[in-house]
Amino acid sequence: MRLYLASTSPARRALLAQSGIEPVLVSPGVDEDAVGTAAAASLGRDLTGPELVSLLAVAKASAVADSAVAGSPVDGVVFGGDSAFEVDGQLYGKPHDPALARERWRQMLAAGGGTLWSGHCAIDRRRDDRRRDLDPTTERPGGAARARTVPPVRSLVTSPAGVPQLGDVAPGGSALAADGDRVVAVDSAVLTFADDVSVDEIDAYVATGEPLEVAGAFTIDGRAAAYITRIDGAPSAVIGMSLPVLRSMLLRGFGIAWHDLWSL
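Per an unreviewed UniProt entry, the recorded name for the chain is Nucleoside triphosphate pyrophosphatase, and the organism is Curtobacterium aurantiacum. In its Cofactor (unreviewed entry) section, the UniProt record describing the chain reads: "a divalent metal cation". The Sequence similarities (unreviewed entry) field of the UniProt record for the chain holds the comment "Belongs to the Maf family."

Printed below as a string of structure tokens:
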């Protein structure tokens, strides 16, 4: 079964590839700044971290779901994702500019860390009878004494501005909602930075160019890993998508087992 990745992110593709999944890569062509700005204007306030990343994940997945790929309609499941890093209530996207990246690193280190918000949207566009009528809110068996490791599924509701309403999501928490052929989720991880990172280290890291095109100006699967001392949450969420949450979305929303996506 095909998984279409509405992204050209090497990190997201690598995450799936190391899990045994070879996605079809499709650039969604979404103007992220314009989408976020329009939604904030409609709401009359800034978007929260969960609102922003879920909104953009939906926009990316939707842009690919009803398009033609290599001249043919999509036949499979489309996944869109987005990330933002929150420090002291301020959301950081991609800095693009070295000076801005250096300033963000100084702010992040001064705060000691922050929350990485990871938005997810999966849309079922299978074109045959493999689709099943499921109730994603049905509870699945688990250890009776275990704490919940995945969020309960709620019905997906969106605001007039198109922002998914997933409820309050605490830093380090997650939320998941489904409606027909679409499942939307947010996962998060709380990061702690080393308290002895020097200005020279910041300058050297920014000079590599690695932090310029990633949310929060860092990657844990690259040179910045040495500056992060603790992650509370799924490490894959920090890289680009929460693999545990994506697995749960596909299983509970569409009845698709994770191993059904493996490239054998």
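Draft legend 1. Broad picture of the packing of helix 4 (residues 98–111) against helix 5 (residues 199–207). Where helix 4 meets helix 5, the closest approach of the two axes is 10 Å, and the angle between their N-to-C directions is 140 degrees. The angle between helix 4 and helix 5 falls in the class oblique. In terms of crossing hand, the pair formed by helix 4 and helix 5 is right-handed. Residues Pro98, Ala101, Arg102, Trp105, Arg106 and Leu109 of helix 4 form the contact with helix 5, whose own contacting residues are Val199, Ile202, Asp203, Tyr205 and Val206. For the contact of helix 4 with helix 5, the class distribution of residues is eight nonpolar, no polar and three charged.

Draft legend 2. Focus on the packing of aromatic side chains. On inspection of all chains with the given rule, the structure shows seven aromatic pairs. Taking 5.8 Å as the distance between ring centres and 80 degrees as the angle between the ring planes, the aromatic pair formed by tryptophan 105 and tyrosine 227 counts as edge-to-face. Of the two residues, tryptophan 105 sits in helix 4 while tyrosine 227 sits in the loop between helix 5 and strand 11 (228–232), which places them 122 residues apart along the sequence. The residues tryptophan 105 and tyrosine 227 share a single accessibility class, namely buried. Their ring planes at 70 degrees and their centres at 6.0 Å tell us that tyrosine 205 and tyrosine 227 sit as a pair that is edge-to-face. Remark: tyrosine 227 occurs in the loop between helix 5 and strand 11 and tyrosine 205 occurs in helix 5; sequence separation between them is 22 residues. Of the two residues, tyrosine 205 and tyrosine 227, neither departs from the other in class, the shared state being buried. Through a chain of ring-to-ring contacts, the aromatic side chains of Phe85, Trp105, Phe193, Tyr205, Phe218 and Tyr227 assemble into a single cluster.

Draft legend 3. Representation of the confidence of the model for the chain within the structure. Across the chain, pLDDT averages 91, with 92% of residues at or above 70. Every residue in residues 141–146 scores below 50 in pLDDT, and together they form zero contacts with partners more than four places removed in sequence or on other chains.

Draft legend 4. Local environment of the pattern of salt bridges. Applying the stated criterion across every chain yields a total of ten salt bridges. Across the pair aspartate 82 and lysine 60 runs a salt bridge, and its minimum N-O distance is 2.9 Å. Of this pair, aspartate 82 sits in strand 5 (residues 76–87) while lysine 60 sits in helix 3 (residues 49–65), placing them 22 residues apart in sequence. Each of the two residues, aspartate 82 as well as lysine 60, counts as buried. Residue aspartate 66 pairs with arginine 125 through a salt bridge whose shortest N-O separation is 3.0 Å.

Draft legend 5. Focus on unusual backbone geometry. Positive phi outside glycine occurs at alanine 70, with the angle close to 55 degrees. Structurally, the position occupied by alanine 70 is in the loop between strand 3 (68–69) and strand 4 (72–73). Residue classification places alanine 70 among the exposed positions, given a relative accessible area of 83%. Phi angles above zero are rare outside glycine, and histidine 96 is one such case at about 65 degrees. As for its placement among the helices and strands, histidine 96 is situated in the loop between strand 6 (90–92) and helix 4. The partly exposed category is assigned to histidine 96, whose relative accessible area is 46%.

Draft legend 6. Structural view of the pairing of strand 5. Of all twelve residues in strand 5, eleven are buried; the element is thus mostly enclosed. Where strand 1 (residues 3–5) lies against strand 5, three bridges are found, and the strand directions are parallel. Considered in strand 5, the bridge of leucine 3 is made with valine 77. For strand 5 and strand 7 (residues 113–125), the ladder comprises eleven bridges, and the chain directions are antiparallel. Bridge pairing in strand 7 links alanine 84 to tryptophan 117. Pairing geometry for strand 5 and strand 6, over three bridges, is antiparallel. Considered in strand 6, the bridge of phenylalanine 85 is made with tyrosine 92. Taken together, strand 5 and the strand that follows it, strand 6, pair antiparallel across an intervening segment of two residues, in which aspartate 88 is found at a positive phi of about 50 degrees.

What counts as what
- Residues numbered from 1 in each chain as written.
- Predicted model: local features only at pLDDT ≥ 70, side-chain atom pairs only at ≥ 80, totals over all residues.
- Heavy atoms only, no water.
- UniProt positions renumbered as here; feature names shortened; annotations may be inferred.
- Axes fitted to C-alpha atoms, helices over the stretch in contact; angles between N-to-C directions.
- Helix = DSSP H or I, 4+ residues; strand = E, 2+ residues; numbered from the N terminus.
- Parallel < 35°, antiparallel > 145°, perpendicular 65-115°, else oblique.
- Left-handed = near helix turned anticlockwise from the far one by under 90°.
- Contact = heavy atoms within 4.5 Å.
- Nonpolar A, V, L, I, M, F, W, Y, C, P; charged D, E, K, R; others polar.
- Phe/Tyr/Trp six-rings, centres within 6.5 Å; stacked < 30°, edge-to-face > 60°.
- Buried < 20%, exposed > 50% of the residue type's maximum accessible area, 1.4 Å probe, protein only.
- pLDDT = per-residue confidence, 0-100.
- Salt bridge = Lys/Arg side-chain N within 4 Å of Asp/Glu carboxyl O.
- Pairing = 2+ DSSP bridges.

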